[in-house]
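Next come the chains, spelled out residue by residue.
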Amino acid sequence: MRPYAAVIRDSFHAALTSRVLWIAFVAIWLLLAALSPIGYREDFTTRFRGNDFNNGTRMKAMLAQGLADPEQEGSATANLANAMPEELRQQLRRVAEGDDVLIQVRVLASALNDMLDEESWYDAEAWKSTLRFKELRELDELADEELDESTRRRRARLRIEAALPGVFVTRSARSVLLTYAGMDFPADLAIDKTQFGSLINQFVFPLIIDWLLGFILLFLGILVTSSIIPDMLQPGSLHLLLSKPISRTLLLLSKFLGGCAFVLLCVTQLVIGLYLVAGLRLDVWNLRLLWCIPVSVFLFSVFFSVSVLAGLRWRSPILAIGVTTIFGTICFITGILGELSDGFIRNPDEIRGVAIAGKNVFASTEGGGLKRFNEEDNAWLAIFKSNAINADRVLNPIPLGDDMVATAVVRAGRFNPFGAGPPDLLVLSEAYDWESEPSLRLPTATSRLFLGGDSVLSMNTSDLATASVQNVLQVAGETEPEEESKTEEADEGWLSKLNNMMGGATSGFSPVLPPRMAISKPRDVAFDPAGKWIIAISSGRLTRLEPSTENPSQRWTLRAERLLEGEVSKQATIAVSGNQVLVARSESPLMIFDAISFEPVGEPLDLSDSLIPDEAQPLGNGGRFALLTSDGRCRIIEPKGESATYEVSQTLSQKEIEALYFHATNNELLIAHHIDQIDFLDANDFSVKRTIRPSLAEWRLIDKYVLTPLRIIVPQTGELGEPISALISGKSAIVVNAPNGEDRVIRYNIARPLLSCTIFLLVMMAVGCTYFATRDF
Amino acid sequence: MTSSNAAESTEAIIDVRGLKKRYSGSWFNRRTVDALRGVSLTASGGEVFGLLGPNGAGKTTLIKILLGVVKPSSGTAFVFGEPVGTSAARRRVGYLPESLRVDRHHTARSALRYYGRLSGMSPRQIAKRSDELLDLVGLAGRDRESVKRFSKGMYQRLGLAQALIHDPDLLVLDEPTDGLDPLGRNEVRKVIERLRDDGKTIFLNSHILQEVEVICTRVAILSKGEICGSGSIEELSSGSVNGRVTLDVMVDEETMNGEAAPAKFVKWLGLADSVDLEVTAIAGDGRSHRVSAMLDSQAKIDAAVDRLRQAGVSIISLEAQRETLEDTFMKLVSGSEAAN
């Protein structure tokens, strides 16, 4: 291999003598020099910012109630409301009077920030009735003299958060403040050190790599290397090379590898420089960043393979650049077509939730639709149409019997958790040909529905509320009302309005959470199948709530609580099977707890840090679970033999899974995958009992037979940013705050861009080598 | 015969039989070109074999085939008994292209290192050999200079050095002195002569016929893709004496016996008539003459000399004019072109 190593080495030698390379080097050094003064410092999270508010409307309503409701007098909320500036208080009073008053979140944030420094509003007695977390309890025990300015402000913030439950997003105790050359950046980040590392790894680095390496250096590399092959084909050079005892194919491959030298040298400097700047200045030591070097060179090699083939064919650097540019444009256009296909054809049909009522299969979709599978036509029939630009949001359906399901349409709720107001619970029954019948009014911003025993549970931005199935059906006109269970007329008074604004229970739904308790993201709720209790996880806190046996409309009682170890802001999902509850949190081992005592059962189960738990489902009552993870696969967690030890027993073969659903009646696990296909698995042995493979509509056919093959044939270089993000972050997905207010696990598309680029590269090199090896020169 | 010729062996280093090469047209231009139309030749070990021919005769195609750069359409070609194009064949061949192109980032030494590695040599072998060759081609003091500063002559000498770096048994030199000034041409020629003296087999493609005449032991003349003449310079010239003999003679009056000089010389030289005879007095004494006549064989020359001597004519000098390689080349090429 000595001759070929010589060719590669010679290419590096040539690259190092290139003026363009040295200009690129200087540009990289200047960039790194400009980045190197960046630093950070940590402090307590004190100031309120706009994005700290999970529910500004609720806050407005709570403060208004604090001002107007005599029963609230002396309460923590009232104290805060009274400490607001006069102008704001007047606006809040108008809110309490039922006026539609627009109060911007930043105005509320500013008022709260002013209150951090002046705590005359605090009354220890009033705050005793608030739900104070451990950090606040500890700070409250300290005397004022023991606290420094920063800690005191932190305590003030925690007191405000305790007084306004369900209003704020869970934030870490400490925030990172970026500095540049010792000066603070104008805006501090409301994230902790770990999140800061994630931000750098999942957003900042990929952005820099995408732009600097994926665009600028790529273009520069093509410009510089376009002459390599035409130069080699000059008679005085080529005939001499070909007269040597070397293989033409390997000669071309060596030249190809050598051509990557330019980009390799630049990328290596930039990436190592960024690694050192991030490590030395920001304490973000991420060796995975070095993956950017091979990936960037790989990306360049895809384009360079086109340049090589054009150079071989036409022996002209200008034509090589021209053809490569045209190729890049084709890739770009194909990428745009792909994005449009995803956005307008595939995503709207993608299943988000599944429910079975008797023999009928229902699915809610990403496009705000609800559909029912029609076996005769082998097609999904739309009950509410899915649409890419649909502004409405449909809640995942829940079965209310063999011939009925319930759901809700949140008008204008697809990009706003609150939508156009509180939605009605809709009942769809076979008897009415699946026409929706409005039932009880749901709390504002309801995002999920649960069924447990004979109760329907609704979850919104911070609250849980419940109603009996019987009541739901009665209001929908599905059953005759019983004398004693007549629904009360809705109280249309000002308090009711404020209650609605706060997302509190409505006339038909009873509040579940104990006073001053809220569930905030990351969160999940699981119902005991018999409806006897619910378990909720909220900001790293596991709680079990039970209803009052005497008065079902009374708030439920907190029966058990456990603070989980680890970062509270990480994505979490839970499921209850029998007396076991599975807790799956991002970057933490899987834990099984006893549902009653919250004592751990068995040892924690390792789940790769690269995987983010998306959805957990129980598999009956035997302590078995199915877990959907961010790689689109389903893992089965069950007891190991007869022992109390649990294990991840298997990963099911289905890929690109979107939703799970356990159908207890048939003991089946339904797996929705590949947009709108469903597999029905036996929950014991996971054999496929039935499948739904719907016939495709026109655009889906075009997508399947035209666009998808096109996206394989034309390398999706633009999508390589996703594998880069995955490699740098070590995650297969990212959790984002969706416009509808819920956390959403977005899976990185790793396989397709890598596959399409690799296939393309291999084909181009095979064509190039064959051409070079067989042609007379 | 030089000392090196002693090393000459009869083994065919290059053996070409019925070689044909047809270049197909492109999509847009379907015209085909027959570059070689059944070329056969052999070059033995230790020979300096010259390949001659006008532009477009197929010389470069033949060399490309020998180097494995171009594949023949039909026929066979072997180098050292190996089919051309194989690594085994190319390993023993050194090649100097017509216009060598060395990447501008190289120095003479780094270029030799690069080409040495391409020939599969170890760094130690390259270092040792580089010193020898840089000395041989006269680049010893300028081996660390960038080739950007090299003159055409230095490039050619570097080209020779790279062709020799792996000590090949066969050197293929394509127009080695093309574009060089007389001084540079002389330098390169001296190097080739040294290599010839060292017993290397050299396959030389050149336009400069005088150079070929001086250096080559055998030549082949290629025209229109066919060999129209091959052999040693002597073989190509022998039998091709052009027949004109020039004699400077001295004849006294008695011998002339009052007859006119042309009539006397027609008789002495055994000519039929005086058509091809020229007699001019070359001194004022009336005795010295320059006689030019057509005598198209050695036997006629011998007989004429005998008769002149018997008649008492003093022969001061005799010059029989033979064909030069250029004459032969022109004649063969013209004949080939006329035949085609």
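Note that the coordinates shown come from a computational prediction; the quantities given were computed from them, not determined experimentally.

Parameters and conventions
- Residue numbers here run from 1 along each chain, matching the order of that chain's written sequence.
- Going through the entries in the order they are written, you letter the chains from A and number the ligands from 1.
- The predicted origin of the model limits local features to residues at a pLDDT of at least 70 and limits the giving and counting of side-chain atom pairs to 80 or more, whereas totals for whole chains, interfaces and linings rest on all residues.
- Where helices and strands are cited, they refer to DSSP runs of H or I of at least four residues and of E of at least two residues respectively, numbered from the N terminus.
- By the convention adopted here, residues are in contact when the distance between their C-beta atoms, placed from the backbone, does not exceed 7 Å.
- Side-chain classes follow a simple rule in which Ala, Val, Leu, Ile, Met, Phe, Trp, Tyr, Cys and Pro form the nonpolar group, Asp, Glu, Lys and Arg form the charged group, and the remainder, Gly included, forms the polar group.
- Strands are labelled as partners when DSSP assigns at least two bridges between them.
- Axis definition: a line fit to C-alpha positions, over the contact stretch in the case of helices; interaxial angles, taken between N-to-C directions, run 0 to 180 degrees.
- Put plainly, a residue is buried at 20 or more neighbouring C-beta atoms within 10 Å of its own, exposed at 12 or fewer, and partly exposed in between, counting only other residues' C-beta atoms, which are placed from the backbone.
- Given the number of residues in a helix, its expected span is that number minus one, multiplied by 1.5 Å.
- Arc, as used here, means the arc of the directions from the helix axis to the C-beta atoms.
- Across the chain, each position has a pLDDT score giving the predictor's confidence in that residue, from 0 to 100.

Things to note about the overall build of chain B
Next, step 1: Looking only at helices and strands, chain B has 12 helices and 14 strands in total.
Next, step 2: Along the first, second and third principal axes, the C-alpha set of chain B runs to 85 × 50 × 40 Å.
Next, step 3: Counted over contacts in chain B with a minimum sequence separation of 6, partners at least 24 positions apart contribute 70%.

Focus: the interface of chain B and chain A
Next, step 1: If you look at the interface, chain B gives 22 residues, while chain A gives 20 residues.
Next, step 2: Where the side of chain B that touches chain A is concerned, the elements lending two or more residues are helix H1 (59-67), helix H2 (87-91), strand S6 (93-96) and helix H3 (108-118) of chain B.
Next, step 3: When its residues are assigned to classes, the side of chain B that touches chain A shows 9 nonpolar, 6 polar and 7 charged.

What to know about the sheet that holds strand S18 (residues 534-538) of chain A
Residue and element names in this part refer to chain A.
Next, step 1: Here 4 strands make up an open sheet; going across it, the order is S17-S18-S19-S20 and the pairing antiparallel. The sheet is open, and its two borders are formed by strand S17 (523-527) and strand S20 (557-563), each paired with just one other strand. Across this sheet, the average inter-strand angle for adjacent strands is 15°, counted without regard to direction.
Next, step 2: As paired elements, S18 and strand S19 (residues 541-546) share 5 bridges and run antiparallel to each other.

Side note on unusual backbone geometry
Peptide bonds are, in most cases, trans, and in most cases residues other than glycine have a negative phi.
Next, step 1: Although it is not a glycine, Glu656 of chain A adopts a positive phi angle of roughly 50°.
Next, step 2: The class of Glu656 of chain A is partly exposed, set by 15 C-beta atoms lying within 10 Å.
Next, step 3: Unlike most non-glycine residues, Asp167 of chain B shows phi in positive territory, near 50°.
Next, step 4: Note that Asp167 of chain B resides in the loop between helix H5 (152-164) and strand S7 (170-174).
Next, step 5: Residue classification places Asp167 of chain B among the partly exposed positions, given that 14 C-beta atoms sit within 10 Å.

Comments concerning helix H6 (residues 182-197) of chain B
All names here are of chain B.
Next, step 1: For H6, with 16 residues, the first-to-last C-alpha span of 22 Å sits near the 22 Å given by 1.5 Å per residue.
Next, step 2: Of all the positions in H6, only Val188, Val191, Ile192, Leu195 and Arg196 are classed as buried. Projected down its long axis, H6 carries its buried residues within an arc of 145°, all on one side. Looking at H6, the residues exposed on the side facing more than 90 degrees away from the buried face are Pro182, Leu183, Asn186, Lys190 and Arg194.
Next, step 3: Buried residues along H6 sit in contact with strand S3 (48-52), helix H4 (123-137), H5, S7, strand S8 (201-205) and helix H7 (209-215).
Next, step 4: One or two steps after H6, the chain reaches Gly199, where phi turns positive at roughly 90°.

Brief notes about helix H15 (residues 292-314) of chain A
Residue and element names in this part refer to chain A.
Next, step 1: Over its 23 residues, H15 extends 33 Å from the first C-alpha to the last, a length consistent with the 33 Å expected when each residue adds 1.5 Å.
Next, step 2: Burial within H15 is extensive, with 18 of its 23 residues counted as buried.
Next, step 3: The positive-phi residue at the C-terminal boundary of H15 is Arg315, with phi of around 55°.

A few points about the environment of Val48 of chain B
Residues and elements named next belong to chain B.
Next, step 1: Inspection of the secondary structure puts Val48 in strand S3.
Next, step 2: Classification of Val48 by C-beta neighbours within 10 Å gives buried; the count is 25.
Next, step 3: Along the backbone, Val48 and Glu193 are 145 residues apart, and their C-alpha atoms lie at a distance of 9.3 Å.
Next, step 4: Residues in contact with Val48, not counting those within four places in the same chain, are Arg196, Ile202, Leu204, Ile215, Cys216 and Thr217.

Thoughts on the confidence of the model for chain A
Next, step 1: Residues with a pLDDT of 70 or more make up 95% of chain A, whose mean pLDDT is 86.
Next, step 2: When mean pLDDT is compared element by element in chain A, strand S30 (residues 677-682) of chain A scores highest at 96, while helix H18 (residues 494-501) of chain A scores lowest at 65.

Re the pairing of strand S10 (residues 404-410) of chain A
Looking down a regular strand, the side chains alternate between one sheet face and the other.
All names here are of chain A.
Next, step 1: Judged by how many residues are buried, S10 sits mostly within the fold: 7 of 7 residues are covered.
Next, step 2: The two faces of S10 match: Met404, Ala406, Ala408 and Val410 on one face and Val405, Thr407 and Val409 on the other face are all buried.
Next, step 3: As defined by bridge partners, strand S8 (residues 393-394) adjoins S10 across 2 bridges and the pair is classed as antiparallel. Considered in S10, the bridge of Val394 is made with Val409.
Next, step 4: In this structure, strand S9 (residues 398-401) lies alongside S10, joined through 3 bridges in antiparallel fashion. Bridging across to S10, Ile398 finds its partner in Ala406.
Next, step 5: Two successive antiparallel strands, S9 and S10, enclose a turn made up of 2 residues.
Next, step 6: Note: S10 against strand S11 (residues 424-429), 5 bridges, orientation antiparallel. Counted as the bridge partner of Val405 is Leu428 from S11.

A look at the sheet that holds strand S31 (residues 688-692) of chain A
Residue and element names in this part refer to chain A.
Next, step 1: The antiparallel open sheet is built from 4 strands, whose spatial order is S28-S29-S30-S31. Edge positions in the sheet fall to strand S28 (657-663) and S31, since each of these pairs with one other strand and no more. Averaged over all adjacent pairs, the angle separating strand axes in this sheet is 20°, with direction ignored.
Next, step 2: Sheet analysis places S30 next to S31, joined by 4 bridges and oriented antiparallel. Paired with Phe680 across the two strands is Arg690, which belongs to S31.

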